[in-house]
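# Topology and contacts: notes
For reference, the chains in residue letters:
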Amino acid sequence: MASTELSAGLGPTITPSAGQPHAQSGAPPSRAREAATKTGQAFLRLFRTLRSNRKASAGFILLAFVCVLAAVPGLIAHDPPRAEIYGRSLGPSASHLFGTTVYGQDIFAQFIWGARETLIIAVVSGVLSTALSVVMGVAAAYLGGVWDGGLNLVTDTLLVIPSFPLLLIIAAYLPNSGVVVLIAILVITGYSYGARQLRAQALSLRGRDYLEAARVRGERSVYIIAVEIIPTMTPLIVATFLGTAVYNVLFAAGLQFIGFGNPASVSWGTMLYWAQNNEALSIGQYLWALMPGLGIAILGASFALLNYAFDEIGNPALRPVRRHRVKRPR
Amino acid sequence: MTEPSTSQAAQQATAPPAASRVPASLRKRAARAAADPSAGAAALLRTDGLTKHFKIGGGLHRRTLHAVDDVSLSIGAGEIVALVGESGSGKSTTARLLARIYQPTAGEIFLQGRRLSAIRSRADLLAYRSDVPMVFQDPFSSINPVFRVSHGIERSLRLHRPELSRAERRAEAIRIFEVVGLAPGAEVLERFPHELSGGQRQRVGFAQALAMRPKLILADEPVSMLDVSIRIGLLNLMTGLRDAEDVSILYITHDIASARYVADRLVVMYAGQIAESGPVEDVLARPRHPYTQLLVSAVPDPRAELSVAADTDRGEPPRVIDPTPGCRFRWRCPLAIDACHQVTPPLRQLLPDHSAACHVATADAELRAF
Amino acid sequence: MSSALADDTGRAAVTGEPILQVTDITVEYATKQGNVRAVDHVSFDLGRGEFVGIVGESGCGKSTLLFAIAQLLAPPAGLAGGNVVFKGVSMVGLTDSQLASVRWKDMSVVMQSAMNALNPVTSIGAQFKDAMRAHGVRSKTEIADRSAHMLRMVGIDPTHLRSYPHQLSGGMRQRAMIAMALLFTPDLVIMDEPTSALDVVAQRSLMVQIKELQAQLGFSVIFVTHDMSLVRHFSDRLMVMYAGQVAELGVTSQVFGSPLHPYTRGLMDAFPSIKGERVPLTGIPGHPPDLARIPDGCLFAPRCPKVMTECETTRPPLYLVDGTQVRCLLYADGSTR
């Protein structure tokens, strides 16, 4: 009875749940502490979603595995990966777990050491490429008009220019350039696809009332793009990153082959190329091709599985529901 | 008479307005008029010949859509004006012109005597935005789903009341949430939009508008997407805000019944122009414009018998693309005369404070006066 | 004069043999939290040429009930009980091919939004032709004749057979949908909020048109809406639903004249009137129950102005009061309070 009167007087109320800590209207915490608690809460939320979602936990474990390989390869593999000192094309044995390459290198060592460069290329190029896609795509969509036209011109041109001939020309001017140039090339040639996708999604979001509400509130365009639009596009942005990262690993191997970066470096991508060049599968050295392929697959799978966790964070409606009503016994 | 306290305002926000009590807004208006007789009739917001045309089509068939044509209306302080019309009438475009989402093609808007086109600096623009905020129609897309509902109101406070400290902003957000009936404020602020019902989300929209201490709230069909039993709560909130917070509201709707329930004055729009305007009871009891008469007879009223006057009209939308001169209602009007096909009828005052844009109605009034 | 509990099937007094008998329909959705009951033991009969309005707010189960009757339920929704007998044939459990002979010929459905139901890339005439050919009409002249005839019946010029949906106004699109539903002059037309996207004048015009067609062709109508005032003048009987259950079911004029269930009364009071006194209204405080966690007792008790102590523990059955069924303990012992 009492609850009916209360709601009749004040309109719809939320029954406070028992036992849930709230921010009561007492003295608010200091700014630094509040920022720290907010990031702490964000991480806690991330871990909670990872734990609760089986796919996300699996993805996290796989990624952790690759990170361990990248972090401390020396602890796991004792042989030097690049030294061509062993017998050639040996099969798997106790001293060479995966056998050796045609050049006499230990495949196991290559596999373990290759994780580091692969991961670095994947993550760095993925992050930069996605950031560029976001800026070019979302800004073009929101600002519209001349900005849209101009930014799109750049993006579409890069999308359409055949990349390998362009890269061959660039390679002629920058031989043996190292990983930084490699990543720069990956980013510039790779961002345009993601930019088009993000622009399309941003265009569909442009008519949403909450953006108009933000404008009417007096927010500036930059704020609206950064704070109101981009967070709602998190799932697509993360998916773009994941796709770009994995694709770049393979593309990087190809680039390394035509002279960018250091062709003698060890990564899963280069392993694949050397294996393929020497027809590893037909000479019986299956593991030379399979192991780096498996490594890339594990990395890609971990990214894909982690995507689920980010879907939940990006869209609160997908999160596990909090009980905020007193549960009546059935 | 002391100002009503917060909790009283909360009660007033959702309890029905007492029919016999004189609303605080009327008392305030009387006090204003007594203090300064010349300012008694000064409008809070006034438009003069407001016009908005859109170019549509491309290449060879470029045409002009006359969304709003020569609209001159005024809204006083502490009053609710209902802007009623069907789709294609221009009511939403008018609201967006007032909210400065669109720039007018012609005409002028005056807020307390100052023209909008004179606004140049960002500070002036922010000041206008805080005076005239907008509440949107769709509770499901008018709040950003990624953030908690505290986000919007705290941004409003940050942008428009920078003198408040962090703690004061928080306290003010809680207070405003409770004024609009979302209690306990501290708890609701922490919720995400998907955890609130449609009615609660619309209240959040009103809270965001209130946070700026506005003079006029533009409410664009705030209840049409809500369940019927929830609507009354929000309509009562609107009248409560007018009485307790002395805020004017421009209530845009296609539902005449709810317009009658909350509004002091009624403005009926058709095909981008004002058809009729006046005190709400007057316009509904004695509609002068044939379109108003049609609307009134078409409204389903569960307590009344079915009126047959509207049976033949199909409700076809008006022609607003490259319209020819003449009354835009003439094709559906049972009373159309020759003049209606040639000359666009201007909005004329037929009775004190009651105007209509109709040749027949004007002639009728002149006859009576004679 | 109330009598004891109405029998489970809730047959109303219908003249002649009822064309549709809905008995104890129960629909449940499978969710992560277990089964959610969207429709709970709903029963009613429909006579020939009768117009029944089903009224309720969002989440009350009215649209789900409609899908259950039309055998359009798809997972995760499933029929958990009850039967639908249409023209003497039990519809539940029929295969798709068996249903196909009934669909559109004897029973058709008009959806809520014509723009969603009509194919935007084909003309109206092409869609009519599609529908007719799907049900066995081959002759080109017959297709053309029937299409033109139906369009004229709903007040659209037959030249619009060549038009695309986006070229018609909202009102015309809805009329085209109704024309399509009447192509085979079925015995039953089910309508799910067909007027909700229309303005007041178009709405009124469409309702009048539907009634005229009903008078001419003699079909029965089940009309689902959230707007009570709309069905007041057009329906013979009225069913008010709340939280998946029937709250009240009776002759429309009687339900409007003296609403028995407090929810019905609250709903009627939530419509401001444009005539008469300007009266302050309260609406109904609170909100409908979460169907995943329904309370014990009457589902409306938390919001009911006339709630009694027993309402929170006892689930009220349907009582029969003067020919109207009402699910409220106020009528438990035959005397109203």
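Residues numbered from 1 in each chain as written. Chains lettered and ligands numbered in written order. Predicted model: local features only at pLDDT ≥ 70, side-chain atom pairs only at ≥ 80, totals over all residues.

### Structural notes on the overall build of chain A
The secondary structure content of chain A amounts to 13 helices and 0 strands. Secondary structure elements of chain A, listed N to C terminal, follow the sequence α-α-α-α-α-α-α-α-α-α-α-α-α. For chain A, the proportion of its 330 residues judged to be buried stands at 35%. Put simply, of all contacts in chain A between residues at least 6 apart along the chain, 73% involve residues at least 24 apart. (Helix = DSSP H or I, 4+ residues; strand = E, 2+ residues; numbered from the N terminus. Buried ≥ 20, exposed ≤ 12 C-beta atoms within 10 Å, placed from the backbone. Contact = placed C-beta atoms within 7 Å.)

### Structural notes on the overall build of chain C
Broken down by element type, chain C carries 10 helices and 13 strands. Over its C-alpha trace chain C gives a radius of gyration of 21 Å, about what one expects of a compact globule, namely 20 Å for 337 residues. Across its three principal axes, chain C shows a C-alpha extent of roughly 65 × 50 × 45 Å. Counting only residues that meet the buried cut, chain C has 48% of its 337 residues in that class. Relative to all contacts within chain C whose residues are 6 or more apart in sequence, the contacts with residues 24 or more apart total 67%. (Rg over C-alpha atoms; globule rule 2.2 N^0.38 Å.)

### Topic: the interface of chain B and chain C
The partner chain C presents 35 residues to the 39 residues of chain B that form the contact. Those elements giving two or more residues to the side of chain B that touches chain C turn out to be α9 (228-245), α10 (256-262) and α12 (290-298) of chain B. For the side of chain B that touches chain C, the leading source of residues is α9(B), giving 6 residues. Looking at the side of chain B that touches chain C residue by residue, the class counts come to 22 nonpolar, 7 polar and 10 charged. (Nonpolar A, V, L, I, M, F, W, Y, C, P; charged D, E, K, R; others polar.)

### What about the nonpolar core?
Formed by 259 residues in total, the largest nonpolar core has its most connected members in Ala82(B), Ala207(B), Met238(B), Leu250(B), Tyr251(B), Val267(B) and Ile222(C). Excluding anything up to four places from it in sequence, Ala82(B) contacts Tyr251(B), Thr253(B), Ala259(B), Ala263(B), Leu266(B), Val267(B) and Val280(B). (Core = buried A, V, L, I, M, F, W, Y, C linked by C-beta atoms within 7 Å.)

### Focus on helix α5 (residues 107-143) of chain A
For an α-helix the count is 3.6 residues per turn, leaving residues at separations of three or four pointing the same way. All names here are of chain A. The end-to-end C-alpha separation of α5 is 52 Å, in line with the 54 Å expected for 37 residues at 1.5 Å each. Bending of α5 peaks at approximately 30° at the position of Gly-114. Gly-144 sits one or two positions beyond α5 and adopts a positive phi of about 65°. (Expected span 1.5 Å × (residues − 1). Bend = angle between axes of the 7 residues up to and from the residue.)

### Observations concerning the pairing of strand β10 (residues 265-270) of chain B
All names here are of chain B. For β10, the tally of buried residues reaches 6 of 6 residues, placing the bulk of the element in the interior. Alternating residues of β10 divide into Arg-265, Val-267 and Met-269 and Leu-266, Val-268 and Tyr-270, and every residue in both groups is buried. Across 4 bridges, the pairing between strand β4 (residues 80-84) and β10 is parallel. Along β10, the bridge assignment pairs Val-84 with Val-268. Between the antiparallel neighbours β10 and strand β11 (residues 273-279) lie 2 residues, among them Ala-271 with a positive phi of about 50°. (Pairing = 2+ DSSP bridges.)

### Quick word on the environment of Ile119(B)
Relative to the assigned elements, Ile119(B) resides in the loop between β6 (114-115) and α4 (122-131). Given 17 C-beta atoms within 10 Å, Ile119(B) falls into the partly exposed group.

### Examining the sheet that holds strand β3 (residues 34-46) of chain C
All names here are of chain C. The 4 strands are arranged β3-β2-β5-β6 in an open sheet whose pairing can be described as antiparallel. Of all the strands in the sheet, the pair left with one neighbour each is β3 and β6 (89-90). Judged from the 9 bridges that link them, strand β2 (residues 20-31) and β3 form a sheet pairing that is antiparallel. Among the inter-strand pairings, Thr-31 is bridged to a residue of β3, identified as Gly-34.

### A word on the packing of α5(A) against helix α10 (residues 221-229) of chain A
Two measures define how a pair of helices packs: the angle their axes make with one another and the distance between the axes. Residue and element names in this part refer to chain A. Relative to each other, α5 and α10 sit at 120°, their axes nearing to 11 Å. Viewed along their axes, α5 and α10 adopt a mutual orientation that is oblique. In this structure, α5 crosses over α10, and the sense of that crossing is right-handed. On α10, the residues touching Val-138, Ala-139, Tyr-142 and Leu-143 of α5 are Ser-221, Ile-224, Ile-225 and Ile-229. Of the residues belonging to the contact of α5 with α10, the class tally is 7 nonpolar, 1 polar and no charged. (Axes fitted to C-alpha atoms, helices over the stretch in contact; angles between N-to-C directions. Parallel < 35°, antiparallel > 145°, perpendicular 65-115°, else oblique. Left-handed = near helix turned anticlockwise from the far one by under 90°.)

### Description of unusual backbone geometry
Generally, phi is negative for residues other than glycine and the peptide bonds are trans, each holding for most cases. Residues and elements named next belong to chain B. A cis geometry characterises the amide bond from Ala-183 onward to Pro-184, with omega recorded as -5°. With respect to the helices and strands, Pro-184 occurs in the loop between α6 (166-179) and α7 (185-189). Phi angles above zero are rare outside glycine, and Gln-112 is one such case at about 50°. By the secondary structure assignment, Gln-112 is in the loop between β5 (106-111) and β6.

### Considering the sheet that holds strand β13 (residues 354-356) of chain B
Residue and element names in this part refer to chain B. Here we have 8 strands laid out as an open sheet, ordered β7-β8-β9-β4-β10-β11-β13-β12, and mixed in their pairing. At either margin of the open sheet sits one strand with a lone partner, and together these are β7 (134-135) and β12 (348-351). Of the strand pairs in this sheet, strand β8 (residues 216-220) and strand β9 (residues 248-253) are connected by 5 bridges, and their pairing is parallel. Counted as the bridge partner of Ile-217 is Ile-249 from β9.

### A word on helix α14 (residues 359-369) of chain B
When α14(B) is considered as a whole, its buried residues turn out to be His359(B), Val360(B), Ala361(B) and Thr362(B). Lining the buried residues of α14(B) we find α13 (338-342), β12 and β13 of chain B.

### Description of the confidence of the model for chain A
All names here are of chain A. Averaged over every residue, the pLDDT of chain A is 76; residues scoring 70 or more account for 77%. Of all the helices and strands in chain A, helix α1 (residues 2-10) carries the lowest mean pLDDT, 31, while helix α9 (residues 209-217) carries the highest, 90. Confidence drops under pLDDT 50 across residues 1-29; counting only partners more than four residues distant or on other chains, this segment forms 54 contacts. This stretch, residues 321-330, has a pLDDT under 50; its non-local contacts, to residues over four places away or in other chains, come to 11 contacts. (pLDDT = per-residue confidence, 0-100.)

### Observations regarding the packing of helix α3 (residues 54-71) of chain A against α5(A)
Residues and elements named next belong to chain A. The geometry of α3 relative to α5 is characterised by a closest axis approach of 7 Å and an angle of 105° between their N-to-C directions. One finds that α3 runs roughly perpendicular with respect to α5. Contacts between α3 and α5 involve Val-66, Cys-67, Leu-69 and Ala-70 from the first element and Ile-112, Ala-115, Arg-116 and Leu-119 from the second. By residue class, the composition of the contact of α3 with α5 is 7 nonpolar, no polar and 1 charged.

### Looking at the confidence of the model for chain C
Note: predicted coordinates in regions of low pLDDT should not be interpreted at a detailed level. Residues and elements named next belong to chain C. Summarising the model, chain C shows a mean pLDDT of 85, and 94% of its residues fall at 70 or more. The lowest-confidence element of chain C is strand β1 (residues 2-5), averaging 37 in pLDDT; the highest-confidence one is strand β10 (residues 237-242), averaging 95. Note that pLDDT drops below 50 for residues 1-14; the model gives that stretch 29 contacts with residues more than four away or on any other chain. Predicted as a complex, the structure gets a pTM of 0.78 and an ipTM equal to 0.79.

### Quick look at the environment of Phe65(A)
In this fold, Phe65(A) is placed in helix α3. Residues Phe65(A) and Tyr191(A), spaced 126 residues apart in sequence, show a C-alpha to C-alpha distance of 28 Å.

### Observations regarding the pairing of β9(B)
The side chains of a regular strand alternate, first on one face of the sheet and then on the other. Residues and elements named next belong to chain B. In terms of burial, β9 is a largely internal element, 6 of the 6 residues being buried. Residue alternation in β9 divides its side chains into two sets, Ser-248, Leu-250 and Ile-252 and Ile-249, Tyr-251 and Thr-253, and both sets are buried. Pairing analysis gives 5 bridges linking β4 to β9, with the strands arranged parallel. Directly across from Val-81, in β9, lies its bridge partner Leu-250. Running through α9, the crossover from β8 to the neighbouring parallel element β9 is right-handed. (Right-handed = clockwise from strand over helix to strand, strands pointing away.)

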